[in-house]
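Structural overview for review
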Amino acid sequence: MKGSRTRHLVLILGDQLDAGSSAFDGFDARRDAVWMAEASEESTHVWSHKARIALFLAAMRHFRDALHERGWTVHYHTLDAAENPTTLADLVTADLARFRPEKIVMVEAGDWRVQSSLKETAQSAGIELEVRADRHFLCSHDDFAGHATGRKQLRMEYFYREMRRRTGVLMDGDDPEGGKWNYDAKNRGTFGRDGPGEIAEPIAFRPDATTRAVLDLVATRFADHPGELTHFDWPVTRDQALEALDDFIRNRLPQFGRYQDAMWADPDEESDGAQRRHAYLFHSRLSAALNLKLLDPREIIAAAENAYYGGAAPLEAVEGFIRQILGWREYVRGIYGRFMPDYLDLNEFDARLPLPDFYWTGRTEMNCLRHAVGQTLTHGYAHHIQRLMVTGLYALLLGVDPRAVHEWYLAVYVDAVEWVELPNTLGMSQFADGGRMASKPYIASGKYVQRMSNYCGNCRFDPAQSTGATACPFTTLYWDFLMRHEEALAGNPRMTLQLKNLERLDRSERSAIRGQAEAHRRQIESTD
Ligand code: FAD
Ligand code: SF4
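Reference entry: report on the structure contained in this document. In this text the structure is predicted, and so the values were computed from the model without any measurement. (Residues numbered from 1 in each chain as written. Chains lettered and ligands numbered in written order. Predicted model: local features only at pLDDT ≥ 70, side-chain atom pairs only at ≥ 80, totals over all residues. Heavy atoms only, no water.)

**Looking at the pairing of strand S1 (residues 8–11)**
Along S1, one buried face is formed by His-8 and Val-10 and the opposite face, lined by Leu-9 and Leu-11, is buried too. Bridging between S1 and strand S2 (residues 33–37) involves three bridges; their strand directions are parallel. Of the residues in S2, the one forming a bridge with Leu-11 is Trp-35. (Buried < 20%, exposed > 50% of the residue type's maximum accessible area, 1.4 Å probe, protein only. Helix = DSSP H or I, 4+ residues; strand = E, 2+ residues; numbered from the N terminus. Pairing = 2+ DSSP bridges.)

Printed below as a string of structure tokens:
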């Protein structure tokens, strides 16, 4: 600091890698300084996938270097330098004593846990902490509160329409482009028997020296953590993230909508390239870069809109894609901001079982789970339907404690940050919030997986069977779930059809299913 006192410390968290963020407003690289830290607690408070840890650290180090190039002083703590476990709070405390800045400034943290701990830390040190709104998002917490006011229940679809009107995205005057708000009816395609055919493999980013150093560090320091690093090829800089965006818009967006919900795995354990193509299919693979704030949601939305207006992608693909970002992503952030911290402890169905061990190994006879978990451990990625209707669905039907499910999702995906992961897991996937986020539990039997993928064709179980030696555990547990929660679900008009089907089961069928479900639970417990 050349002897002069740092006036302000601009505190940048690992998922705030945006040089245009409000944290920098009004500050000057000559007088003020940036503070960043790789605190080990952030990699261990859940048992994080190696690729998730590596992505954060690699992106942070590249961001630090980019700030240096712009002339900023960056006080940066690396994990290599600290032999003992470190927390953000401890590192901040030590540096506040060292630098005694006039104040610390930061963009609001996405995580409730991190923000509360930093507020306490600053208070104990007697230093002012200014927390600025995060303009990365299109909907502020106040906007969301405005949307929520006076509504008996919150639903994404209404929020999304409001966002379309407010932003003018895909609007034709006061009407939605093409006359409809939602083209999902066209977006439920499957790959049939033949599979997805030729898909352009998503652009891969070969690790540079900075990233390689991080990969080595993570491999050594977190050797016992789940997941692999061999396939690490995520964008870790803004330039790479922009390339990844361009690659998606040009090569996969046109098919995104139609095959958004489909899943596929090559039965004959494929080459690396085919495995990678089938893991990502026509998805954008942009969530990690977006959540790190290397990309702005507005530029992604604009790129997709331009593809539509330029005739490069059909409306159903573009609307479906934009809905994920302008709709779901902003909506879940609103839910998180509105209901935390109590949200974390909700458990509508009083589910208490531990998470089966195979979630960490992929070792299970259930082919859909073997693939979804295996791919997660290899790439740190699974697409939305794999998360919702394979790993999430099984945990819900089995009766796993939603807190354990949440901790798994937060640990194993490279895009996992709590503000987006928690409502998706606890609300959408486990319905543990009793409907604050979604109108009904997303439940289905093995027949859904059979329709949307080729997993069942290569599985020893039969999705049409709920009892017997080849009964599909999803199908058994589906009926068992309906029986266990029949009373609670009866008041939900969106469950009427599923409960009507349950009525068709006679007493002996019900009892056989219950017995089979219990045997399955015992078997899962005994193999753990
Ligand atoms: P695409 O399918 O290409 O979608 C485009 C973009 O839309 C994504 O990059 C993402 O930014 C956004 N998006 C799509 N669906 C959602 C959604 N439901 N909520 C918020 N944003 C969405 N997403 C995360 O970013 N982080 C998480 O930790 C996370 N955890 C999840 C946990 C569960 C149980 C479920 C069901 C979903 C979760 N999602 C999470 C949402 C979604 O699965 C991922 O955003 C998506 O799979 C990321 O892959 P992609 O970039 O290829 O997405
Ligand atoms: Fe999964 Fe059941 Fe299909 Fe097997 S039969 S892949 S367990 S849904």
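**Topic: the sheet that holds S2**
Strand order across the open sheet formed by five strands is S3-S2-S1-S4-S5, with parallel pairing between neighbours. The open sheet has two edge strands with one neighbour each: strand S3 (73–77) and strand S5 (128–132). If you compare each strand with its neighbour and ignore which way they point, the axes differ by 25° on average. Looking at chain direction, strand S4 (residues 103–107) and S5 are connected through five bridges and run parallel. Across the sheet, residue Val-105 finds its bridge partner in S5, namely Glu-130. Helix H2 (residues 50–69) rests against S2 and S3 of the sheet, and its axis sits at about 155° to S3. (Axes fitted to C-alpha atoms, helices over the stretch in contact; angles between N-to-C directions. Contact = heavy atoms within 4.5 Å.)

**Points about the site of ligand 2**
Lining the immediate environment of ligand 2, one finds Met-366, Asn-367, Cys-368, Gly-446, Val-449, Tyr-455, Cys-456, Cys-459, Phe-461, Pro-463 and Cys-472. For the shell around ligand 2, the elements supplying multiple residues, two or more each, are helix H14 (367–379) and helix H18 (446–452). Residues of the shell around ligand 2, tallied by class, amount to nine nonpolar, two polar and no charged. (Near = heavy atom within 4 Å. Nonpolar A, V, L, I, M, F, W, Y, C, P; charged D, E, K, R; others polar.)

**Let's talk about the side chain of Gln-115**
Position of Gln-115 relative to the elements: it lies in helix H4 (residues 112–125). Judged by its relative accessible area of 9%, Gln-115 falls in the buried class. Residues in contact with Gln-115, not counting those within four places in the same chain, are Met-106, Val-107, Glu-108, Ala-109, Leu-129 and Val-131.

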